[in-house]
Amino acid sequence: MAEAYPWQDSLWQQLAGRAQHAHAYLLHGPAGIGKRALAERLMARLLCQRPTVEGACGECKSCLLLKAGSHPDNYILEPEEADKAIKVDQVRDLVSFVVQTAQMGGRKVVLIEPVESMNINAANALLKSLEEPSGDTVLLLVSHQTSRLLPTIKSRCVQQACPLPSEAMSLAWLASALPDCSEEERIELLTLAAGSPLAAVKLQAQGVREQRALVVEGVKKLLKQQQSPTQLAEEWKTIPMLLLFDWFCDWSSLILRYQLTQDEAGLGLADMRKVIQYLAQKSAQDKVLNIQDWILAQRQKVMSKANLNPALLLEALLVQWVSLPTQK
Ligand SMILES: [Zn+2]
């Protein structure tokens with residue numbers, strides 16, 4: 001059974017409580033808030049032979065087949081490898097599933113996640129299924145980034161926004177999900193996860209707080225010239241590049257903001273506040289802007305998985321970072 005999250009209560013009522021179901025739904029919102037779980041819960045309810053307000057019964061033949069992963073009227077379309085595209089051939093297989101008759105006498109339900117991982121050919125192949133609804137098929141599209149979808153896909157779905165839960169609700173949930181962390185650590189994780197509670201749990205499992213502590217320590221030593229860019233690039237080689245670029249990007253924004261506002265409340269997480277303040281006071285604004293531009297451009301390359309030498313790139317970043325404070 002897909003987990004039901006407390007912040008999805010009203011969303012669930014809206015979706016499951018509909019008298020008549022749409023042919024296609026687009027569940028969209030930030031990553032890490034449980035959209036996939038919501039879609040799976042709805043999928044199970046739509047397939048169940050004895051559904052209740054809460055969801056699927058969990059006991060009928062349909063529920064048992066779904067649990068066993070052998071329901072004939074259920075189709076999940078996702079990239080074959082994580083972070084890769086959904087291929088046009090995969091969509092063609094889906095299209096032939098959609099035109100078949102349901103084998104269990106009920107609905108057919110298709111779940112697609114994430115929809116934005118389809119290239120233009122795959123998306124166009126999907127459009128055909130969206131344009132010519134077939135019987136009782138319901139398509140559940142999950143998207144973390146609707147700006148990357150074809151407008152024609154969006155317009156053919158009932159759009160359901162899944163907002164970020166409030167900080168209070170996320171922290172209450174994290175208290176039971178991460179009982180071994182302190183409240184302060186949970187706030188830190190939630191901030192690092194940009195407010196997404198499930199992403200916060202994942203970050204904790206990946207040891208991100210430890211990685212962050214290592215990087216912050218390293219940045220301080222770099223500025224005190226106790227460690228060189230080369231040494232740090234070596235020391236950080238197991239830390240995901242995207243994470244490092246996100247943090248440095250964030251820090252450069254915080255420096256610029258502090259230079260403009262002098263607002264101590266806007267200095268970000270406690271671990272770097274003093275460093276941000278120091279760099280804001282000692283660095284020329286155009287240098288900070290330049291480094292931010294550079295970081296954003298390199299971040300794009302990291303995201304597109306271009307052929308990069310991570311150690312060299314990191315070293316280049318740190319060489320610029322250490323030369324920021326010049327107004328001594
Ligand atoms: Zn059932």
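Since the structure is predicted, the reported quantities are computational estimates derived from the model, not experimental observations.

## Here's the deal with the coordination of the zinc ion
And then number 1: Within the protein, C48 (SG), C57 (SG), C60 (SG) and C63 (SG) serve as the donor atoms for the zinc ion, at 2.3 Å.
And then number 2: Metal-centred angles of 104 to 118° between the four donor atoms at the zinc ion mark the site as tetrahedral.
And then number 3: Written as a sequence motif, the donor arrangement for the zinc ion is C-x8-C-x2-C-x2-C.
And then number 4: When its relative accessible area of 25% is taken as the criterion, C57 is described as partly exposed.
And then number 5: Residue class for C63 comes out buried when judged on its relative accessible area of 6%.

## Quick notes on the nonpolar core
Side chains that are nonpolar tend, in soluble globular proteins, to be buried together.
And then number 1: Of all hydrophobic cores here, the largest spans 78 residues; its most connected members are V215, V219, W236, F248, W251 and W321.
And then number 2: Sorting elements by how many residues they give to this core places helix α12 (residues 241-261) first, with 12 residues.
And then number 3: Ignoring any residue separated from it by four or fewer positions in sequence, one finds W236 in contact with L214, V215, G218, V219, L244, F248, L314 and L318.
And then number 4: Within the second largest apolar cluster, 25 residues are counted, among which are A24, L94, V98 and V115.

## Thoughts on helix α8 (residues 183-192)
And then number 1: Among the residues making up α8, those that are buried are R186, E188, L189 and L190.
And then number 2: Taken together, the buried residues of α8 touch α7 (167-177), α9 (197-205) and α10 (208-223).
And then number 3: A194 occupies a position one or two residues after α8 and carries a positive phi of about 50°.

## Some thoughts on the pairing of strand β3 (residues 108-112)
And then number 1: Burial within β3 is extensive, with five of its five residues counted as buried.
And then number 2: Regarding topology, helix α4 (residues 88-99) serves as the crossover connection from strand β2 (residues 74-77) to the parallel β3, and that connection is right-handed.
And then number 3: Here five bridges tie β3 to strand β4 (residues 137-143), and the two strands are oriented parallel to one another. The residue of β4 that forms the bridge with V110 is L139.

## Section: the sheet that holds strand β5 (residues 158-161)
And then number 1: Read across the sheet, five strands follow the order β2-β3-β4-β1-β5 without closing on themselves; strand pairing throughout is parallel. The sheet is open, and its two borders are formed by β2 and β5, each paired with just one other strand. If you compare each strand with its neighbour and ignore which way they point, the axes differ by 15° on average.
And then number 2: Alignment of strand β1 (residues 24-28) against β4, held across five bridges, turns out to be parallel. By the bridge assignment, L26 is partnered in β4 with L141.
And then number 3: Contacting β1, β2, β3 and β4, helix α2 (residues 35-47) runs over the sheet at an angle of about 175° to β4.
And then number 4: In the packing of α4 onto the sheet, contacts are made with β2, β3 and β4, and the angle to β2 comes to roughly 160°.

So, how was this worked out
- Residues numbered from 1 in each chain as written.
- Predicted model: local features only at pLDDT ≥ 70, side-chain atom pairs only at ≥ 80, totals over all residues.
- Heavy atoms only, no water.
- Donors = N, O, S within 2.8 Å, 3.2 Å for Na, K, Ca; no water.
- Tetrahedral: all angles 85-135°; square planar, octahedral: opposite > 155°, others 65-115°.
- Buried < 20%, exposed > 50% of the residue type's maximum accessible area, 1.4 Å probe, protein only.
- Core = buried A, V, L, I, M, F, W, Y, C linked by side-chain atoms within 4.5 Å.
- Helix = DSSP H or I, 4+ residues; strand = E, 2+ residues; numbered from the N terminus.
- Contact = heavy atoms within 4.5 Å.
- Right-handed = clockwise from strand over helix to strand, strands pointing away.
- Pairing = 2+ DSSP bridges.
- Axes fitted to C-alpha atoms, helices over the stretch in contact; angles between N-to-C directions.

That's the geometry; what it means functionally is another story.
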